[in-house]
Amino acid sequence: MNFEFSELSKTASTNDYLKQIKEYGTEYVVVAKRQTGGKGRLGRRFVSEEGGLYMSVSYTPEKGVLPQQTIHYTALAALAVREVLMRFANTSELNPNFTFDIKWPNDIYLNGKKVCGILTESVHLGNEFYMIFGIGINLTNNISKEVEYASSIFELTGISLDRTALAKAIAEKLLTLLSANSIDFKPYMAEYKQSCITIGKKVKTDTLCGVAVDIDENAQLLIKTESGRTETVFFGEALITGI
Ligand code: BTN
């Protein structure tokens, strides 16, 4: 898979930087050592200090693919990042056996702590559009003790992963996965469900509480509420509140 690769010592947000340099017909991968205005999902800030991996990958779906058909792309991005992290973290001489999990839709957890977040954006240009996958991974950067739910891969494993090699491998995996079969999530459902820690847990979204019972063929979360109804959630946060 061909892409333009650039590394910056700092930028406000790699997602925004990529939007400025992107030319139609070419895919770009931008990596920064730190970000001064890192963006998280749902309008949050993403603290991006040196030691982490902050990267953005562009992907232009084939002509004819509609924005509403890309709802599962964000789940595919989580699968790609998880697969590469498993590969990199488990090749150390220590012969470890680290398992990374996905928290729906696309956070990556290790030992119950968030180590990676993904922000997917769509950019519309007339009738065309492309996507940007912004990926932030806590490698060796310090995480404030106040952020109890997050940690870094180094803190949890003692392993310091190579930022550039990891970024290239993630870009390669993500772009391959998207271009191979991106319109259909079904082939990836089993793997996604198996690695998703949200299923079977009590969850809370902005509008409902219940138990996360399944993921459907669009990567949407199915929540069974206390009233016994099953609701479909396609966006936002599903906070895990219990087992
Ligand atoms: C989240 O956890 O809410 C998503 C965080 C996404 C952060 C990445 S870091 C690289 C890219 N640039 C940004 O400004 N955000 C994403």
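Residues numbered from 1 in each chain as written. Predicted model: local features only at pLDDT ≥ 70, side-chain atom pairs only at ≥ 80, totals over all residues. Heavy atoms only, no water.

Comments concerning the overall build of the protein chain
Then comes step 1: Scanning the protein chain from N- to C-terminus turns up 5 helices and 12 strands.
Then comes step 2: Since a compact globule built from 243 residues should have a radius of gyration of about 18 Å, the 17 Å found for the protein chain is in line with a globular shape.
Then comes step 3: Looking at the protein chain as a whole, 50% of its 243 residues qualify as buried.
Then comes step 4: Residue pairs at least 24 apart in sequence account for 61% of intrachain contacts in the protein chain once pairs closer than 6 positions are excluded.
Then comes step 5: Summed over its atoms, the accessible surface of the protein chain is roughly 12000 Å², and 48% of this surface lies on carbon and sulfur atoms.
Then comes step 6: When the 26 basic and 28 acidic side-chain charges of the protein chain are each reduced to a single mean position, those positions are 4 Å apart. (Helix = DSSP H or I, 4+ residues; strand = E, 2+ residues; numbered from the N terminus. Rg over C-alpha atoms; globule rule 2.2 N^0.38 Å. Buried < 20%, exposed > 50% of the residue type's maximum accessible area, 1.4 Å probe, protein only. Contact = heavy atoms within 4.5 Å. Areas by Shrake-Rupley, 256 points an atom, 1.4 Å probe, with all protein chains shown as cover. Lys, Arg positive; Asp, Glu negative; His and termini not counted. Charge placed at Lys NZ, Arg CZ, Asp CG, Glu CD.)

What to know about the pairing of strand 3 (residues 53–59)
Then comes step 1: Strand 3 sits mainly inside the fold: 7 of its 7 residues count as buried.
Then comes step 2: Here strand 3 shows no split at all, with L53, M55, V57 and Y59 on one side and Y54, S56 and S58 on the other all buried.
Then comes step 3: Relative to strand 3, strand 2 (residues 28–35) runs antiparallel, the two being bridged by 4 bridges. Bridging across to strand 3, A32 finds its partner in Y54. (Pairing = 2+ DSSP bridges.)

What to know about the sheet that holds strand 8 (residues 202–204)
Then comes step 1: Read from one edge of the open sheet, 5 strands run 11-10-9-8-12, paired in antiparallel fashion. Each of the sheet's edge strands pairs with one partner strand only, and the pair in question is strand 11 (230–233) and strand 12 (239–242). Averaged over all pairs of adjacent strands, the angle between strand axes in this sheet comes to 45°, irrespective of strand direction.
Then comes step 2: Judged from the 5 bridges that link them, strand 9 (residues 209–215) and strand 10 (residues 221–225) form a sheet pairing that is antiparallel. Across the sheet, the residue bridging to I215 is L221, located in strand 10. (Axes fitted to C-alpha atoms, helices over the stretch in contact; angles between N-to-C directions.)

Examining the site of the ligand
Then comes step 1: As a matter of local geometry, the ligand sits amid 19 residues, with S13, Q35, K39, R41 and K114 nearest to it.
Then comes step 2: Contact distances for the ligand include 2.7 Å between an oxygen atom and a backbone N or O atom of R41.
Then comes step 3: Among the cavities detected, the one that contains the ligand is the largest pocket.
Then comes step 4: Going through the elements one at a time, helix 1 (14–21), strand 3, strand 6 (113–125) and strand 7 (128–137) are the ones with two or more residues in the shell around the ligand.
Then comes step 5: Ranked by residues supplied to the shell around the ligand, first place goes to strand 6 with 4 residues.
Then comes step 6: When its residues are assigned to classes, the shell around the ligand shows 5 nonpolar, 10 polar and 4 charged. (Near = heavy atom within 4 Å. Polar contact = N/O pair within 3.5 Å; in protein donor to acceptor, adjacent residues only side chain to side chain. 1 Å grid on protein atoms, 1.4 Å probe; cavity = no way out; pocket = protein on both sides within 12 Å on 5 of 7 lines; lining within 4 Å. Sits in = over half its atoms within 2 Å of the grid points. Nonpolar A, V, L, I, M, F, W, Y, C, P; charged D, E, K, R; others polar.)

Focus: the nonpolar core
Then comes step 1: Judged by nonpolar contacts, the single largest core of 59 residues is most densely connected at M55 and I137.
Then comes step 2: By residue number, the principal contributor to this core is helix 2 (residues 73–89), which donates 11 residues.
Then comes step 3: With residues up to four places along the chain from it excluded, the contact list for I137 reads G52, L53, V81, L85, V115, C116, I153, L166 and I170.
Then comes step 4: Formed by 8 residues, the second largest nonpolar core is a distinct cluster that contains L8, L18, V30 and A32. (Core = buried A, V, L, I, M, F, W, Y, C linked by side-chain atoms within 4.5 Å.)

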